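Given next are the chains, with one letter for each unit.
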Amino acid sequence: MNFGRGPSVVLNVGGTRYSFSREVLKDFPLRRVSRLHGCLSEQDVLEVCDDYDRERNEYFFDRHSEAFGFIMLYVRHGHLRFVPHMCELSFYNEMIYWGLEGSHLDYCCQRRLDDRMSETCTYYAAEEPPGEPAGGSLEGKGRRPAAAEGGKWLERMRRTFEEPTSSVAAQVLATVSILFVIVSMVVLCASTLPEWRAPENRSVEEQSRYTAESVREPSGIIEAICIGWFTAECIVRFIVSKNKCEFVRRPLNIIDLLAITPYYISVLMTVFTGENSQLQRAGVTLRVLRMMRIFWVIKLARHFIGLQTLGLTLKRCYREMVMLLVFICVAMAIFSALSQLLENGLDLGTKNKDYASIPAACWWVIISMTTVGYGDMCPITVPGRILGGICVVSGIVLLALPITFIYHSFVQCYHELKFRSARYSRSLSAEFLN
C-alpha cells in the first residue's frame with residue numbers, strides 16, 4: 001500500500017472490524033476497498049472512507065454493518081443475497097457504494113430487485129471519486145501533473161465521442177453524426193427508385209459499380225463524404241479509447257465497421273477487377289456490400305436512449321430469449337408433425353399438398369403461433385382445423401410467458417440509461433453556468 005504502515009490494515013464498518021493483509025487489498029473484489037491500495041496521501045484516503053486512524057492503520061466506514069457482512073460472504077463464497085428484513089433498494093445502495101452491481105446478485109434476488117425498482121422507478125448510480133467523471137479516470141486529483149493533464153484531455157475526448165449529453169461539444173458532434181446518418185439513409189433509399197436510374201437508363205448492376213463517373217455524381221459525392229465522416233469518427237474513438245481490444249469487441253463498434261468497410265471493399269474490387277469484369281457485370285456482391293450501409297441506422301443507438309434500452313434489454317434477457325426460442329421450436333416440431341399427418345399423411349379422402357412434408361408444415365406453424373396468418377396455406381380437414389386452433393392458442397400462451405421477465409428488465413434498463421443521461425445533463429448545465 002502506498003499510504004499507511006504495518007503489514008495489515010483494518011476496516012471498521014459500522015463498528016464491525018475486519019483485518020486484511022496489505023497485499024490482499026490490491027486485488028480486492030470490492031472496488032472501494034481496492035482503491036485504498038493506490039492512495040498516496042491522507043486526503044486521498046479520506047475521499048474513500050469516512051475516517052482514518054494512522055497509528056492503528058484502521059479505516060472507518062459509516063455504513064450498514066449487517067449489509068457489509070452479507071457482501072463479505074459474497075467475497076468469500078461467491079454468492080450474494082439480500083439481507084433478510086432489509087429493503088432491497090437500501091441493500092442495493094450499499095452494493096453500489098462498495099462497487100458491486102445488480103448482476104452480482106443471485107438470480108432470484110435479481111428478480112426481486114427488478115420488481116422493486118420497477119414499482120418505485122428508482123435507480124442508484126455507482127459512486128465515483130470526487131472529481132472523477134464517469135468512466136473512472138484519475139483526473140483532478142493533483143497527481144503527476146503532466147500525466148494527469150494528458151489523461152484529462154483523453155477523458156474529455158472520450159466523453160465527447162461516447163456520451164452525447166456530456167458537454168456542448170458532444171451534443172454538437174452527436175447532432176452532426178445524426179445528420180450524416182439521415183442523409184446517407186435518404187440517399188440509399190433514393191438510389192433504389194426507378195426514377196433515380198431512369199435518366200441514364202442504368203440497371204441495378206450498373207448502379208452498383210463504383211466507377212469514376214459514379215463517384216463524380218451527386219449521390220457518389222454524398223456517399224463519399226458520409227463515409228469519410230464515419231471513418232474519421234471511428235478512428236478518433238479508437239485512438240482515445242482506454243482499452244483497444246475492448247473497443248473492437250463492443251457491438252456498436254462492430255456495427256460501425258460493418259457499415260464502413262463495404263464501401264472500401266467495393267472500391268478496391270473495382271480497382272483490382274476492372275469495370276468490365278464478370279464480377280462487375282454480375283454486380284451481386286457489390287449490391288450486397290452497398291446494401292450493408294443499412295447498418296448505419298443502428299449508429300443512432302449512440303444518441304437515443306430508446307435504442308440503447310432495446311440493446312441492453314436483449315443483452316440482459318438472453319436467457320429469456322433462448323427460452324422463448326426453445327418453446328417455439330418444441331411447439332413447431334410437435335404441431336408440424338401432427339399437421340402433416342392429419343392433412344397429408346392419412347387417407348381421409350382429401351390430401352392437402354401444402355402439407356406434403358414436415359418442413360413445409362413448419363411454415364404454417366410459425367405463422368399460426370405468431371397469429372400472423374398469411375393465408376397462403378391452411379388446413380382443410382376437420383382434425384387439421386382443430387389442431388390449427390390449438391396451435392394458435394398455444395402460440396399465444398407460449399409467447400406471453402417470458403414477456404413479463406423481459407418487460408421488467410426493459411424498465412430497469414430504461415431507468416438506468418435515463419439516470420445516466422440525466423447525470424450528464426446536470427454536468428452540461430454546470431458547464432453552461434460556468
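Residues numbered from 1 in each chain as written. Predicted model: local features only at pLDDT ≥ 70, side-chain atom pairs only at ≥ 80, totals over all residues. Heavy atoms only, no water.

- An unreviewed UniProt entry annotates the chain as Voltage-gated potassium channel regulatory subunit KCNG3 of Atlantisia rogersi.
- Under the UniProt heading Subunit (unreviewed entry), the entry covering the chain gives this text: "Heterotetramer with KCNB1. Does not form homomultimers."
- Heading Sequence similarities (unreviewed entry) of the UniProt record for the chain holds this comment: "Belongs to the potassium channel family. G (TC 1.A.1.2) subfamily. Kv6.3/KCNG3 sub-subfamily." (UniProt positions renumbered as here; feature names shortened; annotations may be inferred.)

## As for the overall build of the chain
Turning to step 1, where the next piece is worked out: When helices and strands are tallied, the chain shows 20 helices and four strands.
Turning to step 2, where the next piece is worked out: Going through the 434 residues of the chain one by one, you find that 41% of them count as buried.
Turning to step 3, where the next piece is worked out: Intrachain contacts of the chain at a sequence separation of at least 6 include 64% that bridge at least 24 residues.
Turning to step 4, where the next piece is worked out: Total accessible area on the chain stands at roughly 23,500 Å², and carbon and sulfur atoms take up 64% of it. (Helix = DSSP H or I, 4+ residues; strand = E, 2+ residues; numbered from the N terminus. Buried < 20%, exposed > 50% of the residue type's maximum accessible area, 1.4 Å probe, protein only. Contact = heavy atoms within 4.5 Å. Areas by Shrake-Rupley, 256 points an atom, 1.4 Å probe, with all protein chains shown as cover.)

## Quick word on the packing of helix 17 (residues 318-345) against helix 18 (residues 358-369)
Turning to step 1, where the next piece is worked out: Running from N to C, helix 17 and helix 18 point in directions that differ by 120°, and their axes come no closer than 8 Å. Between helix 17 and helix 18, the angle is such that the two are oblique. Crossing of helix 17 against helix 18: the hand is right-handed. Residues Ile328, Ala331, Met332, Phe335, Ser336, Ala337, Ser339 and Gln340 of helix 17 pack against Ile358, Ala361, Cys362, Trp364, Val365, Ile366 and Met369 of helix 18.
Turning to step 2, where the next piece is worked out: In terms of residue class, the contact of helix 17 with helix 18 is built from 12 nonpolar, three polar and no charged. (Axes fitted to C-alpha atoms, helices over the stretch in contact; angles between N-to-C directions. Parallel < 35°, antiparallel > 145°, perpendicular 65-115°, else oblique. Left-handed = near helix turned anticlockwise from the far one by under 90°. Nonpolar A, V, L, I, M, F, W, Y, C, P; charged D, E, K, R; others polar.)

## With respect to the side chain of Ser177
Turning to step 1, where the next piece is worked out: Relative to the assigned elements, Ser177 resides in helix 7 (residues 168-190).
Turning to step 2, where the next piece is worked out: For Ser177, a relative accessible area of 2% translates into the label buried.
Turning to step 3, where the next piece is worked out: Ignoring any residue separated from it by four or fewer positions in sequence, one finds Ser177 in contact with Trp229, Phe230, Glu233 and His303.

## Things to note about the pairing of strand 4 (residues 58-61)
Turning to step 1, where the next piece is worked out: The pairing of strand 1 (residues 8-13) with strand 4 spans four bridges and is parallel. From the neighbouring strand, Leu11 faces strand 4, where its bridge partner is Tyr59.
Turning to step 2, where the next piece is worked out: Here strand 3 (residues 51-53) runs beside strand 4; their pairing, made up of three bridges, is antiparallel. Bridge pairing in strand 4 links Asp53 to Glu58.
Turning to step 3, where the next piece is worked out: With antiparallel pairing between neighbouring strands as the criterion, strand 3 and strand 4 make up a hairpin whose turn holds four residues, including Asn57 at a positive phi of roughly 55°. (Pairing = 2+ DSSP bridges.)

## Details of the pattern of salt bridges
Opposite charge on two side chains permits pairing when their charged atoms draw close.
Turning to step 1, where the next piece is worked out: Under the criterion given, the structure shown has eight salt bridges.
Turning to step 2, where the next piece is worked out: One salt bridge in this structure joins Glu58 and Arg17, with 3.2 Å as the shortest N-O distance. Within this pair, whereas Glu58 is found in strand 4, its partner Arg17 is found in strand 2 (residues 16-21), the two being separated by 41 residues in sequence.
Turning to step 3, where the next piece is worked out: With a closest N to O distance of 2.8 Å, Arg112 and Glu88 form a salt bridge. Linking Arg112 in helix 5 (residues 107-120) with Glu88 in helix 4 (residues 88-98), this pair joins segments that are 24 residues apart in sequence.
Turning to step 4, where the next piece is worked out: The network of salt bridges with common partners includes Arg17, Asp53, Arg56 and Glu58. (Salt bridge = Lys/Arg side-chain N within 4 Å of Asp/Glu carboxyl O.)

## Digging into a negative patch on the surface
Turning to step 1, where the next piece is worked out: On the surface, Glu42, Asp50, Asp51 and Asp62 cluster together to form a negatively charged patch.
Turning to step 2, where the next piece is worked out: Following the sequence through the fold, Asp62 ends up in the loop between strand 4 and helix 3 (65-77). (Patch = residues over 30% accessible without salt bridge, like charges linked within 9 Å, V, L, I, M, F, W, Y side chains within 5 Å. Lys, Arg positive; Asp, Glu negative; His and termini not counted. Charge placed at Lys NZ, Arg CZ, Asp CG, Glu CD.)

## Some points on empty space enclosed by the protein
Turning to step 1, where the next piece is worked out: In this structure the tally under the stated criterion is two cavities of 30 Å³ or more.
Turning to step 2, where the next piece is worked out: Reported here for the second largest cavity is a volume of approximately 50 Å³.
Turning to step 3, where the next piece is worked out: Along its surface, the second largest cavity is lined by Thr160, Phe161, Pro164, Ala170, Leu173, Ala174, Ser177, Glu233 and His303.
Turning to step 4, where the next piece is worked out: Among the elements that make up the lining of the second largest cavity, the one with the highest residue count is helix 7 (four residues).
Turning to step 5, where the next piece is worked out: Its residues assigned to classes, the lining of the second largest cavity comprises five nonpolar, three polar and one charged. (1 Å grid on protein atoms, 1.4 Å probe; cavity = no way out; pocket = protein on both sides within 12 Å on 5 of 7 lines; lining within 4 Å. Points joined across faces, edges and corners; volume = space filled by probe spheres on them.)

## Description of the packing of aromatic side chains
Turning to step 1, where the next piece is worked out: Within the structure shown, the criterion is met by 12 aromatic pairs.
Turning to step 2, where the next piece is worked out: Judged by centre distance (5.1 Å) and plane angle (90°), the ring pair of Tyr97 and Trp98 falls under edge-to-face. No difference in accessibility class separates Tyr97 from Trp98, as the two residues are buried.
Turning to step 3, where the next piece is worked out: An aromatic cluster is present here, built from Tyr18, Phe61, Phe68, Tyr97 and Trp98 joined pairwise through their rings.
Turning to step 4, where the next piece is worked out: The aromatic ring of Tyr97 is capped on one face by Arg63, whose charged end is 3.9 Å from the ring centroid.
Turning to step 5, where the next piece is worked out: We note Lys244 situated over the ring of Phe238; from NZ or CZ to the ring centre the distance is 5.9 Å. (Phe/Tyr/Trp six-rings, centres within 6.5 Å; stacked < 30°, edge-to-face > 60°. Lys NZ or Arg CZ within 6 Å of the ring centre and 35° of its normal.)

## A word on the UniProt feature "transmembrane region" (unreviewed entry) in the chain
Turning to step 1, where the next piece is worked out: Within this structure's numbering, the places UniProt gives as "transmembrane region" (unreviewed entry) are residues 168-193, 220-240, 252-274, 294-314, 321-342, 354-374 and 386-410.
Turning to step 2, where the next piece is worked out: With 100% helix and 0% strand, the stretch residues 220-240 has end C-alpha atoms that lie 30 Å from each other.
Turning to step 3, where the next piece is worked out: Taken end to end, residues 321-342 is 100% helix and 0% strand, and its two terminal C-alpha atoms sit 31 Å from one another.

## Looking at unusual backbone geometry
Turning to step 1, where the next piece is worked out: Phi at His85 is positive, roughly 65°, even though this residue is not glycine.
Turning to step 2, where the next piece is worked out: In this structure, His85 sits in the loop between helix 3 and helix 4.
Turning to step 3, where the next piece is worked out: For His85, a relative accessible area of 88% corresponds to the exposed category.
Turning to step 4, where the next piece is worked out: The backbone of Thr371 shows a phi angle near 60°, a positive value even though the residue is not glycine.
Turning to step 5, where the next piece is worked out: One can find Thr371 in the loop between helix 18 and helix 19 (382-400).

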